[in-house]
Amino acid sequence: MTLTSAPTASADVAAPAPPLAARARSIGGSPVRDILAVTARPEVINFAGGLPAPELFDADAIAAAFDAVLAEAPAQALQYSTTEGEPTLRTALAERTSVRGLPTTADDVLVTTGSQQALSLLATALVEPGDTVLVEEPCYLAALQAFGFAGARVLGVPGDADGPDPEALAELVVRERPKLLYTVPTFQNPTGRTVPAERRAALAGVAARHGLWIVEDDPYGELRFEGERVPWIAAHEEAADRTVLLGSFSKVMAPGLRLGWLRAPAELRRACAIAKQAADLHTPTVNQLAAARYLADNDLDAHVARVAAVYGERRDAMLAGLANVLPEGSSWQRPEGGMFLWVRLPSAYDTTALLGEVVRHDVAYVPGAPFFAGRPDRSTLRLCFVTETPDRIGEGLRRLGEGLKG
């Protein structure tokens, strides 16, 4: 009897490595991050990134908070922490949330490594591959990425200048049976719009009647320049058991701290904590303790008011110059706060195709198309007005006008 064996790979020919997961192959990178590589050049006036103005960081007070924590409690600050977050910070966050009209205890809060991680944790805890997720149209780009990586089928909810249409939402919920609606109702990224109180109540009502989670992301809400604060959707009692509120220190303290949080009903919060254990065990202890110390020793609200005053001047500078540089027939909204302004050019314009020419004039924006879950409006673009000074904004708009002429 003759014995044979399977052929073996040649010693000098390696077999290919296994392929990437399908989700890693199908989900593209962030065009905002790609554009930031271009805008790193100092001569480029940057209307593209959603970057807070670094000269307004309360750097000395933040440094003092880190110094105090490391001097007084180095063993704690440099040690592992609980997944849910440092109790002092959770308590401070609960107090700030309660003062703003939503009674909250420390046990209601999970500290996350930036609010972006909160989105990933929620996607892990709530979304099975193939589940439907509803989003605003247009939508915060990184939310589209987070839900896409979870394997969700992402659908945009039709809306208008006031946000998602509650009737359209109800129809989609009945027809598609989605898991959740994701929304940034205050100074939205990318449009800067704010959902009025009446519509927030209507959205909460849809969630209550039809069985839907609402993920309410609020990274910009404290950056108000004018008008009255609008209560959170999460403050509506009928949706209290199905609303998740996300917050962040990135826009009001410093993004480099990577500190965010979520407030959610107990069962979902526990599921997110388990997902976080698998992701990073816990958010850096020293950052949490320093943030808590900063809140104890400083008036964050006063600091935010100073930042908002500067940002309001920069918004006004951008609004004052747009009409002189944009093509006839363009339109835009006046945000009451936040960081972004949304522009719609005449339909013949494709802002993605035009970007290269505009960048050659040493100014940059973000094309609107990537922010859409469905059919994109290619004539739109997002401008960030907070990173540059009024003089630089005026010069940047002049360059933008020249670049749009092609």
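How each quantity is defined
Residues numbered from 1 in each chain as written. Predicted model: local features only at pLDDT ≥ 70, side-chain atom pairs only at ≥ 80, totals over all residues. Heavy atoms only, no water. Buried < 20%, exposed > 50% of the residue type's maximum accessible area, 1.4 Å probe, protein only. Helix = DSSP H or I, 4+ residues; strand = E, 2+ residues; numbered from the N terminus. Axes fitted to C-alpha atoms, helices over the stretch in contact; angles between N-to-C directions. Parallel < 35°, antiparallel > 145°, perpendicular 65-115°, else oblique. Left-handed = near helix turned anticlockwise from the far one by under 90°. Contact = heavy atoms within 4.5 Å. Pairing = 2+ DSSP bridges. Expected span 1.5 Å × (residues − 1).

Enquirer: Looking at this model, I keep getting lost on helix α7 (residues 141-149). Mind explaining?
Expert: Note: α-helices contain 3.6 residues per turn, so residues at a spacing of three or four share the same orientation. Most of α7 sits out of view: eight of its nine residues are buried. Residues of α7 that are buried include every one of L141, A142, A143, L144, Q145, A146, F147 and G148, and no others. Positive phi shows up at G151, right after α7, with a value of about 85 degrees.

Enquirer: Where do I start with unusual backbone geometry in this structure?
Expert: The linkage connecting E137 with the following residue, P138, adopts the cis geometry, with an omega of 0 degrees. Within the element layout of this structure, P138 appears in the loop between β3 (132-136) and α7. Geometrically, the link from N189 to P190 is a cis peptide bond, its omega value of 25 degrees lying close to zero. In this fold, P190 is placed in the loop between β7 (180-183) and α9 (197-210). Of note in this structure, F187 is not a glycine but carries a positive phi near 55 degrees. Accessibility expressed as a relative area gives 0% for F187, which makes it buried. The phi angle at R258 is positive, at roughly 50 degrees, despite the residue not being glycine. Given the relative accessible area of 34%, R258 is considered partly exposed.

Enquirer: Whenever I open this one, the packing of helix α5 (residues 87-99) against helix α11 (residues 285-297) confuses me. Can you help?
Expert: Helix-helix packing is characterised by the crossing angle of the two axes and by the distance between the axes. One way to put it is that α5 packs onto α11 with a least axis distance of 8 Å and a crossing angle of 45 degrees. Taken as axis vectors, α5 and α11 run oblique relative to one another. Read as a crossing pair, α5 and α11 show a hand that is left-handed. Two secondary-structure elements touch here, α5 through T88, L89, A92 and R96 and α11 through Q288, L289, A291, A292 and L295.

Enquirer: I keep staring at the sheet that holds strand β11 (residues 331-332) and nothing clicks. Help me out?
Expert: Here we have four strands laid out as an open sheet, ordered β11-β12-β15-β14, and antiparallel in their pairing. Looking at which strands have only one partner, the edges of the open sheet turn out to be β11 and β14 (366-367).

Enquirer: Quick question: what am I supposed to make of α5 here?
Expert: Over its 13 residues, α5 extends 18 Å from the first C-alpha to the last, a length consistent with the 18 Å expected when each residue adds 1.5 Å. Turning to α5, its buried residues are L89, R90, A92, L93, A94, R96 and T97. Trailing α5 by a residue or two, G101 shows a phi angle of about 100 degrees, which is positive.

Enquirer: Even after reading the chapter, I still don't get the pairing of strand β2 (residues 109-112), so can you show me in this structure?
Expert: Because side chains alternate across β2, one face comprises the buried residues V109 and V111, and the other comprises L110 and T112, equally buried. Bridge count between β2 and strand β10 (residues 260-263): four bridges; the pairing is antiparallel. If you follow V111 over to β10, its bridge partner there is W261.

The quantities given are spatial measurements derived from coordinates; they are silent on function.
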